[in-house]
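Observations on chain architecture
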Amino acid sequence: MIFGLGYTASYYAAEASGAFAQVTATKRAPQVETSGGFSLLPFDGASETVDPRLIAALADADAILVSAGPDEHGDPVLRRLAKEIAAAPKLKKIVYLSTIGVYGDHDGEWIDETAQVKPSNLRSRQRLAAEAEWLALARASGKEVYVLRLSGIYGPGRNVVVKLREGTAKRLVKPGQVFNRIHVEDISRAINACLLGPAPGGIYNVTDDEPAPPQDVVAYAAEQIGVAPPPEKPFEETPLSPMQRSFYGENKRVSNRRMKALLDFDLAFPTYREGIGALVEAGE
């Protein structure tokens, strides 16, 4: 059962969910009943009633992937379906997709899952609260819950190569600034390691091996496709939206050591170089 068929969950459903005999996913208002070999059902977390087909699918589910984001009232899935999830007879494992944004700013230092969480914006505070709700459900129900804190997601159709070809890529330079990234294929591998493997539940950073300055990533991608990179621009002198500016306000190097040790899978794209190279080769 997949709640919230966004970019990452859609990729997982299409490319990496073959171990499951049946996949049911939710969208706010699906236009079709089936898509890509899986069933689609409506769910928005706000309606007073829940589609009875969704209740039936939950009762038959072995695993849940939650990609739907929280709002000001908390997690929409738990708000409507906490009792049904806790009581689902076959359900053993739940993966909740969160963000490394819950850590906030750590001045470029290396951090792991034991680091202080100090979210700097409302979105990250809501994510942290939702994490706590899911972990509380794990304690109360005995289900195994995995909170995957994802770094900057990229993959087919959503990457710096696409932005370069569209002419929208920027090379903003903020001295000392680095970001972690993760290819959607590696997120899918992490999800399967949780749902199909023996790893214990808990919090895992799902990220690549090499936090890097964003301008270096743009320059590397430009070189790979044979175009001139956009000129470097000082961060402080560049007009940005509040969301973009807050993104640059968080600087940290996020360790994936726990992920590698306990989830026990190999990254397909350990750095942005392998990821960009594969995307260029595939024309994605």
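In the block above lies the structure referred to throughout.
The structure reproduced in this document is the subject of the present report. (Residues numbered from 1 in each chain as written. Predicted model: local features only at pLDDT ≥ 70, side-chain atom pairs only at ≥ 80, totals over all residues. Heavy atoms only, no water.)

1. Regarding the overall build of the chain
Counting its regular elements, the chain contains ten helices and 14 strands. Taken against the 2.2 N^0.38 rule, which gives 19 Å for 284 residues, the C-alpha radius of gyration of the chain at 19 Å falls within 12% of a compact globule. Based on the C-alpha atoms only, the size of the chain along its principal axes is roughly 55 × 40 × 35 Å. Looking at the chain as a whole, 49% of its 284 residues qualify as buried. Contacts in the chain between residues far apart in sequence, at least 24 positions, make up 79% of those at least 6 positions apart. With the model as given, the accessible surface of the chain reaches about 13300 Å², and the carbon-plus-sulfur share is 52%. Charge-centre separation for the chain: the mean point of 32 positive side chains lies 3 Å from the mean point of 36 negative side chains. (Helix = DSSP H or I, 4+ residues; strand = E, 2+ residues; numbered from the N terminus. Rg over C-alpha atoms; globule rule 2.2 N^0.38 Å. Buried < 20%, exposed > 50% of the residue type's maximum accessible area, 1.4 Å probe, protein only. Contact = heavy atoms within 4.5 Å. Areas by Shrake-Rupley, 256 points an atom, 1.4 Å probe, with all protein chains shown as cover. Lys, Arg positive; Asp, Glu negative; His and termini not counted. Charge placed at Lys NZ, Arg CZ, Asp CG, Glu CD.)

2. Overview of the packing of aromatic side chains
Enumeration over the complete set of coordinates arrives at eight aromatic pairs. Taken together, Phe 179, Phe 235, Phe 247 and Tyr 248 form an aromatic cluster joined through their ring pairs. In this arrangement the basic side chain of Arg 149 is found over the ring face of Tyr 103, its NZ or CZ atom lying 4.9 Å from the centre. The cationic tip of Arg 245 hangs over the ring face of Phe 235; the distance from NZ or CZ to the ring centre is 4.8 Å. (Phe/Tyr/Trp six-rings, centres within 6.5 Å; stacked < 30°, edge-to-face > 60°. Lys NZ or Arg CZ within 6 Å of the ring centre and 35° of its normal.)

3. Observations regarding the pairing of strand β12 (residues 202-206)
Here β12 lies mainly inside the structure; four of its five residues are buried. Summarising the sheet, strand β8 (residues 144-150) and β12 pair through five bridges and their orientation is parallel. Looking across to β12, one finds that Val 147 is bridged to Ile 203. (Pairing = 2+ DSSP bridges.)

4. Points about unusual backbone geometry
Phi angles above zero are rare outside glycine, and Asp 107 is one such case at about 55°. Structurally, Asp 107 can be placed in the loop between β6 (93-99) and β7 (110-111). Residue classification places Asp 107 among the exposed residues on the basis of a relative accessible area of 64%.

5. So, a positive patch on the surface
Residues Arg 158, Lys 163, Lys 170 and Lys 233 make up a contiguous surface patch of positive charge. In this structure, Lys 163 sits in helix α5 (residues 160-166). (Patch = residues over 30% accessible without salt bridge, like charges linked within 9 Å, V, L, I, M, F, W, Y side chains within 5 Å. Salt bridge = Lys/Arg side-chain N within 4 Å of Asp/Glu carboxyl O.)

6. What to know about the layout of surface pockets
Taken as a whole, the largest pocket holds about 1800 Å³ of empty space. Around the largest pocket sit 50 residues that line it, and Ser 151, Gly 152, Ile 153, Arg 158 and Phe 247 are the ones nearest its centre. The greatest single-element share of the lining of the largest pocket, amounting to five residues, is contributed by helix α8 (residues 242-248). One number sums up the size of the second largest pocket: a volume of about 340 Å³. Lining the second largest pocket are 19 residues, with Met 1, Gln 22, Val 23, Ala 61 and Asp 62 positioned closest to its centre. Elements represented by at least two residues in the lining of the second largest pocket include exactly α2 (52-59) and β5 (63-66). At three residues, the largest contribution of residues to the lining of the second largest pocket is made by β5. Of the residues assigned to the lining of the second largest pocket, the class counts are 14 nonpolar, three polar and two charged. (1 Å grid on protein atoms, 1.4 Å probe; cavity = no way out; pocket = protein on both sides within 12 Å on 5 of 7 lines; lining within 4 Å. Points joined across faces, edges and corners; volume = space filled by probe spheres on them. Nonpolar A, V, L, I, M, F, W, Y, C, P; charged D, E, K, R; others polar.)

7. Observations regarding the pairing of β8
β8 sits mainly inside the fold: six of its seven residues count as buried. Relative to β8, β6 runs parallel, the two sharing seven bridges. Within the sheet, the bridge partner assigned to Tyr 96 lies in β8 and is Val 147.

8. What to know about the side chain of His 183
Tracing the chain through its elements places His 183 in strand β11 (residues 181-183). When neighbours within four sequence positions are excluded, His 183 is seen to be in contact with Tyr 154, Gly 155, Pro 156, Phe 269, Gly 275 and Leu 279.

9. Let's talk about helix α7 (residues 214-225)
The end-to-end C-alpha distance of α7 is 17 Å, a good match for the 16 Å that twelve residues give at a rise of 1.5 Å each. Taken residue by residue, α7 has Pro 214, Gln 215, Val 217, Val 218, Ala 221 and Ala 222 as its buried positions. Looking straight down α7, one finds its buried side chains confined to an arc of 160°; they lie on one side. Next to the buried residues of α7 lie α5, β10 (171-173), β11, β13 (232-234), α8 and α10 (272-282). Immediately downstream of α7, the backbone of Gly 226 shows phi near 75°, a positive value. (Expected span 1.5 Å × (residues − 1). Arc of directions from axis to C-beta.)

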